[in-house]
Amino acid sequence: MRHALAIARRELESYFVSPIAAAVMAVFTFVSGLFFSNMLVHYIRQAALADSQIQRLGRSDYQLDVPTTVLAQFFQNEAFLLMLAVPLLTMGLMTDERRKGTIELLMTSPVRASEIVAGKFLGAIALLALMLAPLVPMFAFMGAGNHWEAGVIASGLMGLLLVGGAQIALGLFVSSLCEHVLVSAIGTYGIVVTLQFIDTTGGGSGSVWARMLGAFSFYARQIDSTRGVVSVADLVYFASWIVMALFLAQRAVEALRFERT
C-alpha cells in the first residue's frame, strides 16, 4: 500500500505539471458554473411564473421544487461533462510512461502490478475530487436562501464520483494497452460514450434486449443519485466496473512487465 500511495502522490503532482490537466479543470469549472447559473435563473423564473398564475387564476400548471430540480438537472449535466473530461485525464496514465522513457524503470522496480494500477487510479481519483470541489460554493450559494438540499447534494456528488471512478478505471485499462496518448483517448471515449448512452439503443421498444442494454447504461444508473436516492444496485454496478477494469489493467501491466524482462 505504501508504494501505491507514493505512485498516487507522484501521479497527482504530475497532473499539475501538465497544461492539459490544468486546462481541463479550468474549463470544467467554468462550464459547470455556467450550467448552474443558467439553470438556477431559468427555474426561478418558472417558479415566479407559477406564483403569478396562482395569484391570477387560483391554479398553475407549473409546480416546481426549484432546489431539487436544479440539482437533478445539474448533476446530470455534470456526468456528461465528466464523460468529455475524464478520457483527457486518463489517456497518459500509462502511455506517458512510455513517452517519457520511465516505463523501463517502473517495470523493473520491486513494485507489484497491483500497486502500480492502484496508485495510478488513486491519483486520478484525487484529481477528480479536486475537480468537483469548486462545485461546493455553488451549492452554498443556493443554500443561502434556506434551500440547502444536503441529501441531494451528497448523493449527487457520490454519483459523480462513482461515474468518474468507473470512467477512470476504464481509461486506465485502455491506457495500459496503448502506446500513444491519442489512441488511448479515442479508445476511452469510445467505451465511455457507449456505456453512457447505451440505453438509447433500444429506444422506447420496451423489449427484453432494450431493458438489458438499459441496465448497462451509466446514465440510467446515475439518474437516481441526482434525485437524492442511493441505490445498492447502482453502487454494486459501478463498483463492479471499477474492479473489473482495474483487474484488466493489472493483467495488462503484468503482461507488459513480462515483455520487458
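The structure reproduced in this document is the subject of the present report. (Residues numbered from 1 in each chain as written. Predicted model: local features only at pLDDT ≥ 70, side-chain atom pairs only at ≥ 80, totals over all residues. Heavy atoms only, no water.)

Points about the overall build of the protein chain
Stage number 1. Of regular secondary structure, the protein chain possesses 12 helices and 0 strands.
Stage number 2. Tracing the protein chain from N to C terminus, the helices and strands come up as α-α-α-α-α-α-α-α-α-α-α-α.
Stage number 3. Sorting the 261 residues of the protein chain into buried and exposed places 45% on the buried side.
Stage number 4. As presented, the protein chain carries roughly 13,200 Å² of accessible surface, and 67% of it is formed by carbon and sulfur atoms. (Helix = DSSP H or I, 4+ residues; strand = E, 2+ residues; numbered from the N terminus. Buried < 20%, exposed > 50% of the residue type's maximum accessible area, 1.4 Å probe, protein only. Areas by Shrake-Rupley, 256 points an atom, 1.4 Å probe, with all protein chains shown as cover.)

Structural notes on the side chain of serine 225
Stage number 1. Checked against the element boundaries, serine 225 lands in the loop between helix 11 (218-222) and helix 12 (232-260).
Stage number 2. Judged by its relative accessible area of 7%, serine 225 is buried.
Stage number 3. When residues no more than four places from it in sequence are discounted, the contact partners of serine 225 are Val152, Ser155, Gly156 and Gly159. (Contact = heavy atoms within 4.5 Å.)

As for empty space enclosed by the protein
Stage number 1. For the structure on display, the rule yields 2 cavities of 30 Å³ or more.
Stage number 2. Taken as a whole, the largest cavity encloses approximately 70 Å³ of empty space.
Stage number 3. Taken together, 13 residues form the lining of the largest cavity, with Met158, Leu162, Arg221, Ser225 and Asp234 sitting closest to its centre.
Stage number 4. Elements with a contribution of two residues or more to the lining of the largest cavity: helix 8 (150-177), helix 11 and helix 12. (1 Å grid on protein atoms, 1.4 Å probe; cavity = no way out; pocket = protein on both sides within 12 Å on 5 of 7 lines; lining within 4 Å. Points joined across faces, edges and corners; volume = space filled by probe spheres on them.)

So, to be careful, I would describe these as geometric facts and stop short of saying anything about function.
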